[in-house]
Amino acid sequence: MPEDASHEPKPLGGGGLPRTITFTADETLGAGGNQRAPHLRNLRTFPSREAPRATSPIIEKSEKSEKASAEASGEKAKNVDITEHLLSLMEVCEKFSVQANADHPQDSFGLSSTQAADLLARHGPNTLTPPKKKSSWRKFLACLTSLFNLMLIAAGILEYILLGIDYKNNKANIYMGAILIVVAFINAAVEWWQQRKSENTLAALLKMIPAKTHVIRDRKLESIQSADVVAGDVLFLRMGDKIPADCYVFSSSDLKVDNSSLTGESEPQERGAGNSMRNPLEATNLAFNGTLAVSGEAYAIVVRTGDNTVLGQIAGLTAGEEKAKSPLNHEISIFVRIIASVAIFTAAVFFIAGMALYKDFPFAINFAIGTFVAWVPEGLPATVTMLLTIAAKRMAAENVLVKDLQGVETLGAITLLATDKTGTLTRNQMTVCNVWTNGIMYAATRGHNDMGEPISDVAAKGIREVLYTSALCRSVKFDRTDVSMDKRQLLGDATESGLVRFAGMRLGEEFDELLPRHAKVFEIPFNSANKWMLSIHRLPHASGPLTLLIKGAPERVLRLCSTILSGDVVMPLTDVQRAQYDETYEYMASQGHRVLAFAQLQLDGSEYPDSYGFDRKKENYPVSGYTFVGLTSLEDPPKHGVREAIGRCRSAGIQVMMVTGDHPLTAEAIGRKINLVLGETREGVAKRTGRPIEDIGEDEFDAVVIHGEHIAEMTDNDWDAVFRKPEVIFARTSPKNKLEIVARAQALGHICGVTGDGVNDSPALKKADLGIAMNESGSDVSKEAASMIILDDNFASIVKGIEEGRLIFANLKKSIRYTLTHSTPEVIPQILYIIVPLPPMITSIMILVIDLGFEILAALTYAWEPAESANGLMKLPPRKPVTMRSIAQLRARNARQPQAPIDPATGKLVLESRGKRILQAMRAPFSKVWWQDLTEKSDGEILVDGDLLSWSYLEAGLISTISLIVVFFVILNHHGISPKQARLMAKATDEDYFNKDSPDYIYNGRIFTGEDQFYALNEARTGVIFSIYILQVFNLFICKARLRLPFGKFMFRNVRTFYGFSAGLLLLVIITYIPPLNTVFNSSYKSIPLYWLIAVGFGFLLLAYATARMLVLRKSRPLKWNPTIDGLHMHPTVWSTRHTTRSIEPTA
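Counting of residues starts from 1 at the beginning of each chain's written sequence and follows it residue by residue. Local features in this predicted model are restricted to residues of pLDDT 70 or higher, and side-chain atom pairs are both shown and tallied only at a pLDDT of 80 or more, whereas totals for entire chains, interfaces and linings draw on every residue. To obtain the side-chain values, all non-hydrogen atoms of the structure were used and water was disregarded.

Engineer: Which parts of the structure should I look at to understand the overall build of the protein?
Structural biologist: For helices the rule is a DSSP run of H or I covering at least 4 residues; for strands it is a run of E covering at least 2, with both sets numbered from the N terminus onward. A tally of regular secondary structure across the protein gives 38 helices and 29 strands. Looking at the protein residue by residue over its 1148 residues, the buried ones come to 56%. In this analysis, two residues are considered to be in contact whenever any of their non-hydrogen atoms come within 4.5 Å of each other. Within the protein, contacts between residues separated by at least 24 positions form 74% of all contacts whose residues are at least 6 apart in sequence. Methods summary: accessible areas were calculated by the Shrake-Rupley approach with a probe of 1.4 Å, and residue burial reflects only the protein chains presented. Carbon and sulfur atoms form 57% of the exposed surface of the protein, whose accessible area is close to 47,400 Å². The buried label applies to any residue whose accessible area, calculated with a 1.4 Å probe on protein chains only, is under 20% of its type's maximum; exposed applies above 50%, and partly exposed to all values in between.

The structure is reproduced here in structure tokens:
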């Protein structure tokens, strides 16, 4: 039934839902419709708890460009350029040179074939222009030119520069440079391939418009490709058709269209000839591209096609939004800049030191470049990419398609989730909740808060009449009848479909037998004038063969009744029974349900025999004296697991808000059932305490419901006040409103996720940090705009994704913490080689074995690392929580930054040239603002923070370095070379020792030939690389622990950890003990494993230090857990335990 066939929720005197915002005159609810709630101005009484703020660049851009871009972008969502709804049929026909017959539409001439062909050639096909896409080559280039890969390529090029400076001593650089560059290309290829695979999967899901459409051309009805439809075509629309273009309806037989994908309105809307609305989106004689005809049929003239349709204009609005840079991408960029800065600085310092000590330019530049390369974590880019790729595959197994690898982590970082209602939180399927008949309230579902008795006997008086009326008095059709009710697709009005589904599930096999057995002899379909549907059937009774059945708006049906069903008898309708009716009606409406009334009349056989000819025009049927049977309430119920999913999101510190085009009270009623709204609104507190609304303090209520029409009037203080509330609903929103909400949230520092399935959601999906679209119920435009697609439309999959995102961030951080630790043991020997000097403890080829060999194998195992505790990650706050302090910091930072100019014509930021941006980036470190931003303490957690760098470079890195130095000198000493002699040999300027062709060295009467020196050094180097490996194995387990001490079973749950370090050990054994690999990698097959025990001892020292460190940090910087939210309902409900295609299950 349409929206006005039933009762929209209304505020009640006793138990109605409280609300915060008023509705416009046409949305004022209640019996009289003349009560208005307080205006949004009440929100402006929120006290500002901050200092005067600097306007965010996001909002400043929006405010400055509002006027300039209103016509070009944002206003397209509402002020579409369609005016034909204000014209008469004759004027429309004249405008499009078409012939249409309103009296006999099937006899319309339509366009001629020649006209249609000419228009198609001039204006092109009726398709939406696909969004502009980069070529595969440009996408690969974008992956290749990420800062990580550029640093690898730069390191590879520097290796060749070293080769050119000193070819003899740097021959290995031929391979090293090539390896570094190849790694960069491989890393880019993996990322590019993952993106391409996601895009191909998405392309298979998208279907821009329906394949076939019925048109009248040359007075003949024909089926053509929808792409061939042109402006002026006369369309024949019928139930089940997807409307291919915007069209002007000039003849209709109860046509109803589902506009939810455009407006978010869940109820089908009537469409027919005639219109009194000026706004085209509200016009009753317009049907829009992409919407669905759910019942009836109609003839219409096409007025817009392709990109000129409302759908096309909203898609254009989506294309105008730039995608925000992911938090992970931003943090990796910062990390690479830090590493590059450190590498460049140390290289410069040691170039100067080399020149000062040795006065040798080639040597100094060689040393400087070697130091730079040693700082580069060659294996880290591949590790990060592979970790994200593996996580994306895991999410795909959970029916979550990730279009962008970095979106995996972004989902775990979100602080605010703005979600659509219809089709996202709810099933977009009306379902019976309560039945009231014979003075008894029955509950059709088994929810925790459903009032009433279970329906245990379908033959009970009153229940049987409601079920029969639902089954017989209907216009809904089925796609098939050879399967059970829960597997059928219902074609028709959503409310009526809910009643039919209810009857079918309860009556079982009897349902399909009813209509053939009790044939329909007369029918009056629902219309907006009557607001009821009536049918007469061969349903015999004691007084005759025919029974009249009626259902519709309660007040209209009750007006036709004089008696009421009471037990097995029919009694006159009294004031007492009317009072019971009023009380029940108000309860159902207060729950946000749509309410329908049922009545019947057993026709007297003497007056209405079986052969009686009923005629609608003559009105020769009874119009009063009906028997009132009862009331039924329906709602669009939450999807499977939504309530628990939102509860988990809120428990994880994520603010969840509903942004919907539906009615405010309907949205609030659903919000209260799914853990989204638990507290009272301002009006609720006022009603409960009996005080004026103006006297209610801001700390007395937690929930607000904002009407979309008031968003444009909201001030900055209003927005701040709204986002400070934990429970927020925005209702009756337009696409532009949703964009504004996302921009405002981002301006406060929120990492914003947006879920949606309609075309109206797509601009916000693209604007958000992470757009999440639904696959099955989602529009093509929304899927294209989103970064992530839920393939099974299960909202609970988002929670799994959030947990996966948090886990991948934790594991990425552990992996980076582990990987960076080997940098210090690689860099310090290089420094000692020059400064002390000492023999070269580690060669460049060994560094590559570490970075691209066993380190990658071990670091990748973190991709499968489980969480330390079952729910630990979801009890922690988001890694960048939005607090009053963080907002103040962000605004202060924005105030310090120079504001980018805005083009007054387009309202867009004027982008500076690439050269100018590079120059500004180079100057930035020399400015006070840059250092202020860098050193500013933040409440949030970043990927690479001071704690991680301290552990990797200073603490664990130094312990590992000391270990390798001890091992190195113990092995040299075993060969008779003391640390002092090693230093003297390295310092000698007249001779070059430790090569095969080196001169003999005599010490304490012992002669060390060149080969002795060479093999002794190689054996010591082998000990060094095994020392780094062993310390890193200990570090591999230590880095697993964040919430707990590095002991316990959880350390060993990931069996791939053992595979990883075992593979690394195997690699080292191969390059050490298998000729000629030991020659290539400067290792020695004579290496004795006994000396590795030194490194094992240092490993236990590292473990003990890590434990003591963690105990100290627990005291000084304890972990912050999310506070418990009182009132969350986390136990399974009827909706979370039932398959989503089932609406009602019998209780008996």
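Engineer: It is not clear to me how the sheet that holds strand 27 (residues 788-790) should be interpreted in this structure. Could you clarify?
Structural biologist: Strand pairing in a sheet takes place through backbone hydrogen bonds and is either antiparallel or parallel in direction. The eight strands lie next to each other as 8-27-26-25-9-22-24-23, forming an open sheet whose pairing is mixed. With one partner strand each, in any of the chains shown, strand 8 (400-402) and strand 23 (703-707) form the two edges of the open sheet. Here the strands of the sheet are splayed against their neighbours by 20° on average, with no regard to which way each runs. Pairing between strands is defined by DSSP: at least two bridges between the two strands are required. For strand 8 and strand 27, the ladder comprises three bridges, and the chain directions are antiparallel. Bridge pairing in strand 27 places Val 400 opposite Ile 790. The sheet strands contacting helix 21 (residues 716-724) are strand 9 (416-419), strand 22 (655-659), strand 23 and strand 24 (727-731), and the helix crosses strand 24 at an angle near 125°. Here an axis means a line fitted to C-alpha atoms, over the contact stretch when the element is a helix, while the angle between two N-to-C directions is reported on a 0 to 180 degree scale.

Engineer: Explanation requested: the UniProt feature "transmembrane region" (unreviewed entry) in the protein in the structure shown.
Structural biologist: UniProt positions are given in the numbering used here, feature names are shortened, and annotations may be inferred rather than shown by experiment. Per the UniProt entry, the sites bearing "transmembrane region" (unreviewed entry) are residues 140-162, 174-193, 334-358, 845-864, 951-972, 1058-1078 and 1090-1112 in this numbering. For residues 174-193, helix accounts for 100% and strand for 0%, while the C-alpha atoms at its two ends are 28 Å apart. Each end of residues 1058-1078 is marked by a C-alpha atom, and these two atoms are 25 Å apart; helix forms 86% of the span and strand 0%.

Engineer: Help me understand the environment of Phe 109 in this model?
Structural biologist: Tracing the backbone shows Phe 109 in the loop between helix 2 (89-96) and helix 3 (113-123). Separated by 124 residues in sequence, Phe 109 and Asp 233 have C-alpha atoms that sit 9.9 Å apart.

Engineer: Can you help me understand the nonpolar core in this one?
Structural biologist: Take the buried residues of types Ala, Val, Leu, Ile, Met, Phe, Trp, Tyr and Cys, join any two whose side-chain atoms come within 4.5 Å, and each joined set is a nonpolar core. Leu 411, Leu 676 and Ile 798 are the most contacted members of the largest nonpolar core, which has 148 residues in total. The biggest single contributor to this core is helix 34 (residues 1010-1038), with 15 residues. Setting aside anything within four residues of it in sequence, one finds Leu 411 in contact with Met 395, Leu 770, Ile 772, Met 788, Ile 798, Gly 801 and Ile 802. If you look at the next biggest cluster of nonpolar residues, it comprises 36 residues, including Ala 444, Leu 472, Met 485 and Ala 503.

Engineer: Would you mind going over the packing of helix 14 (residues 494-507) against helix 15 (residues 510-517) with me for this structure?
Structural biologist: The description of two packed helices rests on the angle between their axes and on the distance between the axes. It is at 7 Å that the axes of helix 14 and helix 15 come closest, and there the two elements cross at 110°. As far as their axial angle goes, helix 15 and helix 14 are roughly perpendicular. Contacts between helix 14 and helix 15 involve Val 500, Ala 503, Gly 504 and Leu 507 on the former and, on the latter, Glu 510, Phe 511 and Leu 514. Oblique is the label for every angle not falling under 35 degrees (roughly parallel), over 145 degrees (roughly antiparallel), or within 65 to 115 degrees (roughly perpendicular).

Engineer: Hey, could you run me through unusual backbone geometry in this one?
Structural biologist: Cis geometry marks the peptide bond from Val 836 to Pro 837, where omega comes out at -10°. Mapped onto the elements of the fold, Pro 837 is located in the loop between helix 26 (823-835) and helix 27 (844-859). Here the residue pair Pro 1075 and Pro 1076 is connected by a cis peptide bond, since its omega of -5° sits within 30 degrees of zero. Its location among the elements puts Pro 1076 in the loop between helix 35 (1056-1073) and helix 36 (1077-1080). Despite not being glycine, Asp 218 shows a phi value in the positive range, around 55°. Structurally, Asp 218 is set in the loop between strand 1 (212-217) and strand 2 (220-225).

Engineer: Can you walk me through a nonpolar patch on the surface in this structure?
Structural biologist: Think of a patch as exposed residues, more than 30% relative accessible area, with no salt bridge, where like charges cluster within 9 Å and nonpolar side chains (Val, Leu, Ile, Met, Phe, Trp, Tyr) cluster within 5 Å. One speaks of a salt bridge when a side-chain nitrogen belonging to Lys or Arg is within 4 Å of a carboxyl oxygen belonging to Asp or Glu. Together, Ile 334, Ile 338, Val 342, Trp 930, Trp 931 and Leu 934 make up an exposed nonpolar region whose accessible area comes to about 480 Å². For the nonpolar patch, the secondary structure elements donating two or more residues are helix 9 (327-358) and helix 31 (928-935).

Engineer: When you look at the pattern of salt bridges in this model, what are you seeing that I'm missing?
Structural biologist: One side chain can pair with another of opposite charge once the charged atoms of both are near each other. Following the criterion strictly, the structure yields 36 salt bridges and no others. In this structure, Glu 84 engages Lys 95 in a salt bridge whose closest nitrogen and oxygen atoms are separated by 2.5 Å. Here Glu 84, found in the loop between helix 1 (57-69) and helix 2, pairs with Lys 95, found in helix 2; they are 11 residues apart in sequence, far enough to count as distant. Assessed through its relative accessible area of 45%, Lys 95 is described here as partly exposed. Across the salt bridge formed by Asp 118 and Arg 122, the nearest N and O atoms sit 3.1 Å from each other. Taken together, the residues Asp 118 and Arg 122, both in helix 3 and four residues apart, mark about one turn of the helix. Since its relative accessible area comes to 56%, Arg 122 is described here as exposed.

Engineer: What is the right way to look at the confidence of the model for the protein in this model?
Structural biologist: Detailed reading of the predicted model is not advised wherever pLDDT is low. A residue-level look at the protein finds 86% of positions with pLDDT of 70 or above and a mean pLDDT of 81. Every residue carries a pLDDT, the predictor's confidence in it, which falls somewhere between 0 and 100. Element-level mean pLDDT values for the protein span from 42 in helix 1 up to 96 in strand 17 (residues 547-552). Low pLDDT, under 50, characterises residues 1-78; the stretch is placed with 216 contacts to residues that sit more than four places away or in other chains. Below pLDDT 50 for its whole length, residues 1134-1148 participates in 51 contacts with residues either more than four positions away or in separate chains.

Engineer: So what exactly am I meant to see when it comes to the packing of aromatic side chains here?
Structural biologist: The description of an aromatic ring pair rests on the distance of the ring centres and on the angle between the ring planes. Pairing of aromatic rings covers Phe, Tyr and Trp, the last through its six-membered ring, and needs centres within 6.5 Å; plane angles under 30 degrees mean stacked, over 60 mean edge-to-face, and all others mean tilted. The final tally for this structure, using the stated rule, is 28 aromatic pairs. A centroid spacing of 3.9 Å and a plane angle of 10° characterise the contact between Phe 1026 and Trp 1092, whose relative ring orientation is stacked. Of this pair, Phe 1026 sits in helix 34 while Trp 1092 is found in helix 37 (residues 1092-1116), placing the two residues 66 residues apart along the sequence. Accessibility expressed as a relative area gives 1% for Phe 1026, which makes it buried. A relative accessible area of 15% places Trp 1092 in the buried class. Chaining the aromatic ring pairs together yields one cluster made of Trp 137, Phe 140, Phe 185, Trp 192 and Trp 193. Arg 488 extends its terminal NZ or CZ atom over the ring of Phe 478, reaching a point 4.9 Å from the ring centre. In this structure, Lys 1086 is placed above the aromatic ring of Tyr 1015, and the distance from its NZ or CZ to the ring centre is 5.5 Å. Whether a charge sits over a ring depends on NZ of Lys or CZ of Arg being within 6 Å of the ring centre and within 35 degrees of the ring normal.

Engineer: What is the right way to read the pairing of strand 20 (residues 594-602) from this model?
Structural biologist: Successive residues of a regular strand alternate their side chains across the two faces of the sheet. Counting buried residues along strand 20, eight of its nine residues qualify, which places the element largely inside the surrounding structure. In this sheet, strand 20 lies alongside strand 17 in antiparallel orientation, the contact comprising six bridges. From the neighbouring strand, Lys 551 faces strand 20, where its bridge partner is Phe 598. Examined bridge by bridge, strand 20 and strand 21 (residues 626-635) share seven bridges and lie antiparallel to one another. Residue pairing for strand 21: Ala 599 is matched across the bridge by Phe 628.

Engineer: Whenever I open this one, the pairing of strand 21 confuses me. Can you help?
Structural biologist: Within strand 21, 10 of the 10 residues are buried, which leaves the element mostly enclosed by the surrounding structure. As paired strands, strand 10 (residues 431-437) and strand 21 are joined by six bridges and run antiparallel to one another. The residue bridging Thr 431 from the neighbouring strand is Glu 635, located in strand 21.

Engineer: Is there a simple way to think about helix 21 in this case?
Structural biologist: Given 3.6 residues to a turn, an α-helix orients residues that are three or four positions apart in the same direction. Taken as a whole, helix 21 has its buried residues at Asp 718, Trp 719, Asp 720, Ala 721, Val 722 and Phe 723. In the core, the buried residues of helix 21 are packed alongside strand 9, strand 22, strand 23, strand 24, helix 22 (735-747) and helix 29 (884-896).

Engineer: Which parts of the structure should I look at to understand the packing of helix 25 (residues 796-820) against helix 32 (residues 946-974)?
Structural biologist: Following both chains from N to C, one finds helix 25 and helix 32 inclined at 30°, their axes separated by 8 Å at the closest point. Our classification of the angle between helix 25 and helix 32 gives roughly parallel. In this structure, the crossing between helix 25 and helix 32 has a hand that is right-handed. Two secondary-structure elements touch here, helix 25 through Lys 813, Ile 816, Arg 817 and Leu 820 and helix 32 through Asp 947, Leu 948, Leu 949, Trp 951, Ser 952 and Tyr 953. In this count, Pro and Cys sit with the nonpolar residues alongside Ala, Val, Leu, Ile, Met, Phe, Trp and Tyr, while Asp, Glu, Lys and Arg are called charged and the others, Gly among them, polar. Class assignment of the residues belonging to the contact of helix 25 with helix 32 gives a composition of six nonpolar, one polar and three charged. Each helix crossing is assigned a hand: it is left-handed if the near helix lies turned anticlockwise from the far helix by less than a right angle, otherwise right-handed if that turn is clockwise.

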